[in-house]
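As a plain string of letters, each chain reads:
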Amino acid sequence: MKTVIVLGGYGGFGSRLSRRLAADGWSVLVAGRNGDAAAALAARLPNARPLVADRNADLTPLLEQHRPMLLIDAAGPFQGSGYQVVQACIACGVNYIDLADARDFVGGIESLDAAAREGGVVVLSGGSSVPVLSGAVIAELGRDMDDVRQVSISISASSRAAAGASVAAAILSYVGRPVRLWRGRRWQQETGWHMLRRERYRVSHRRPITRVVALSDVPDHDVVPQMIRGKPATVFRAGPEFTVQLAALWLASWLVRAGWLASLSGLSKWLQPLQKVTSYFGTDRSAMAVELKGMAGGKPLVRRWTLIAEDGDGPEIPTIAAQLLANAVAEGRLATGAGHAAGKLALEAFDRHLDRLSTFREIVEEPYVPLYRRIMRTAFDTLPPSVRDMHQLIGDAGAAGTATVRRGRSPLARLVCAVMRFPPEGAHSLHVAFEEHRGRERWTRTFSGRSFTSELSQCGAFLCERFGPMRFHFDLPADPSGLRMAMRKWSIFRIPMPLALAPRSEAREWGEGEDFCFDVPIALPGIGEIIRYTGRLRRL
């Protein structure tokens, strides 16, 4: 009989995985430091035995004694963990899978590839909802896309889902810490548990779920840009059922970001009891969504896969990937070597198991019309190709080039430049990151390391550009030479202001070969020129 050791086999996820593997005919050794807990679970499962084991100790004697086909590490936490368990498995000729969601741990497993091949074993890290299920969904949604521009993933768990100490430690390890993201066609740094977003999960004929989610650090941030055509920008967010829980961690994250605390990991012993208290007031509904934005047949579109789990079945989902991978190992369907588990399973492999749970899934597809095309309509097609391409935005994009900045000479002009965080005078390298969300575009312009951002949206027939509380409405007259931005009205805190007091700015955009060229002058009545920046960009 095929034998598997499940480290942490009586924990929140481990117990579910042990039960699934036992039902599949595996002889399961339920392992962990708590022998009584292991024995209690093993007594309830067929073909199961308890085993006392510590993942932080040398497991070589234990592996030599029991000679399992496979070891699955469901214990964690994997943040900051070494590879001693994996190395012991390779040395003893034992296949290895884990449920790690720690980005560095999963990404670093490839360093053991040569040893795993030489030992003739399969070593797979990240055998859980991310990056395996998420990767399978992404592959399905992007199957016929020519170019995937953006991937957004989010998970929101029920407050009644039993989260173990390792899950709490994993979350707290990145709250307030730097998180590296591929966005705007380059690597950028954001803050863990920031980038909050209200997510609405919809599946036909089910009551939708609305939750707030925040940036979490997972392997997908590295894996997806590497594996998916177009090298899409990728963001993963997660959140609890109650916004107050998320908000409390968000507030605490500023202590880490400011450097007053090195990490919130020390709070993990408090997070679990608090989660148990809130579980009395929550529901048993969890959700997951994966959204792709890109081009198919030359047209922009959005595809979204949504899963809603009810009746407390949400915590079952992270264990399905490991179950499927374990059976693939037993059947000899996986090549030897070490690496992350993304891409090893197709989405259809999950369907049979998800159908047995109280889960409801749906894929929806919607065409998308970029902002400038919506406003300009047929005039958009008259633009030079480089200008048209710059504004054909869906999801995420980036451009790079050079710019020259000239600031106004008066003291008031310099004060305005300082308040608005405009770039200093001179020649600059320029990067512009574009992000589209729900029809709005966010432009972040970085002049030699100094950034400022504005948000663009449609307001009736006008393009509206917002800088903080100020909104400026523009006409976009265009011809084959390019377009202009002609201001028609403006407001502060949505209070209409006299046009005579408006900043004077009639920006121009035109094409020169493959270059997108621009000239943006800004002046104020009574002050004169504030700033003028000119330059050229190319899409990355």
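Residues numbered from 1 in each chain as written. Predicted model: local features only at pLDDT ≥ 70, side-chain atom pairs only at ≥ 80, totals over all residues. Heavy atoms only, no water.

A.B. asks: Residue-level account of the pairing of strand β9 (residues 186-191), with values.
C.D. replies: Here strand β8 (residues 178-183) pairs with β9 via six bridges, running antiparallel. Bridge pairing in β9 links Val179 to Glu190. Following β8, the chain reverses through two residues before pairing antiparallel with β9; Gly184 in that reversal takes a positive phi of roughly 60°. (Pairing = 2+ DSSP bridges. Helix = DSSP H or I, 4+ residues; strand = E, 2+ residues; numbered from the N terminus.)

A.B. asks: A description of the state of the cysteines should follow, citing residues and the corresponding values.
C.D. replies: Evaluated as defined, the whole model comprises zero disulfides. A disulfide-free cysteine, Cys89 has its sulfur positioned 7.5 Å from the sulfur of Cys92, the nearest such atom. Of the cysteine sulfurs around Cys459, a residue in no disulfide, the closest is that of Cys464, at 3.7 Å. Residue Cys459 is classed as partly exposed on the basis of its relative accessible area of 28%. (Disulfide = S-S within 2.5 Å. Buried < 20%, exposed > 50% of the residue type's maximum accessible area, 1.4 Å probe, protein only.)

A.B. asks: Before we move on, could you go through the pairing of strand β18 (residues 426-437) and cite the residues and values that matter?
C.D. replies: Two faces make up the sheet, and in a regular strand the side chains alternate between them. When strand β17 (residues 396-407) meets β18, the two strands line up antiparallel, connected through 10 bridges. Each residue of the ladder has a partner; that of Gly398, found in β18, is Ala433. Here β18 pairs with strand β19 (residues 440-447) via eight bridges, running antiparallel. From the neighbouring strand, His437 faces β19, where its bridge partner is Arg440.

A.B. asks: Outline helix α1 (residues 12-23), supporting the account with residue identities and numerical values.
C.D. replies: For α1, built from 12 residues, the straight-helix expectation of 16 Å at 1.5 Å per residue is met to within 8% by its first-to-last C-alpha distance of 18 Å. Residues Gly14, Ser15, Arg16, Leu17, Ser18, Arg20, Leu21 and Ala22 constitute the buried set of α1. Taken together, the buried residues of α1 touch β1 (3-7), β2 (27-32), α2 (35-42), β4 (70-73), α12 (317-330) and α13 (348-355). A positive backbone phi angle near 95° is found at Gly25, which sits one or two residues after α1. (Expected span 1.5 Å × (residues − 1). Contact = heavy atoms within 4.5 Å.)

A.B. asks: Talk me through the pattern of salt bridges; I want residue IDs and the actual numbers.
C.D. replies: Taken as a whole and assessed by the stated rule, the structure comprises 36 salt bridges. One salt bridge in this structure joins Arg149 and Asp147, with 2.7 Å as the shortest N-O distance. Residue class for Arg149 comes out buried when judged on its relative accessible area of 15%. Glu310 is paired through a salt bridge with Arg285; the nearest N and O atoms lie 3.0 Å apart. Here Glu310 is found in the loop between β14 (299-309) and α12, whereas its partner Arg285 is found in the loop between α11 (268-279) and β13 (286-296), with 25 residues between them in sequence. (Salt bridge = Lys/Arg side-chain N within 4 Å of Asp/Glu carboxyl O.)

A.B. asks: Outline the sheet that holds β4, supporting the account with residue identities and numerical values.
C.D. replies: If you walk across this open sheet you meet the seven strands as β3-β2-β1-β4-β5-β6-β15, and the pairing is parallel. Single-partner strands in this sheet number two, and they are β3 (48-52) and β15 (337-340). On average, each strand axis in the sheet is inclined to that of its neighbour by 20°, with strand direction left out of account. Alignment of β4 against strand β5 (residues 95-98), held across four bridges, turns out to be parallel. Bridging across to β5, Ile72 finds its partner in Ile97. (Axes fitted to C-alpha atoms, helices over the stretch in contact; angles between N-to-C directions.)

A.B. asks: Requested: an account of the sheet that holds strand β7 (residues 147-156), with residues and values cited.
C.D. replies: The mixed open sheet is built from seven strands, whose spatial order is β10-β11-β12-β7-β13-β14-β16. Taken across any chain shown, the strands that pair with only one partner, and hence form the sheet edges, are β10 (197-201) and β16 (359-367). Within this sheet the neighbouring strands show an average axis-to-axis angle of 25°, counted without direction. Sheet topology note: the β14/β16 ladder contains nine bridges and is antiparallel. Note that in β16 the partner of Arg304 across the bridge is Val364. On top of the sheet, helix α7 (residues 129-141) reaches β7, β12 (233-239), β13, β14 and β16; it is set at about 40° to β13, its chief contact. Across the face of the sheet, helix α9 (residues 220-227) comes into contact with β7, β11 (209-215) and β12 while running at roughly 150° to β12.

Geometric descriptors of this kind do not, in isolation, establish any biological role.
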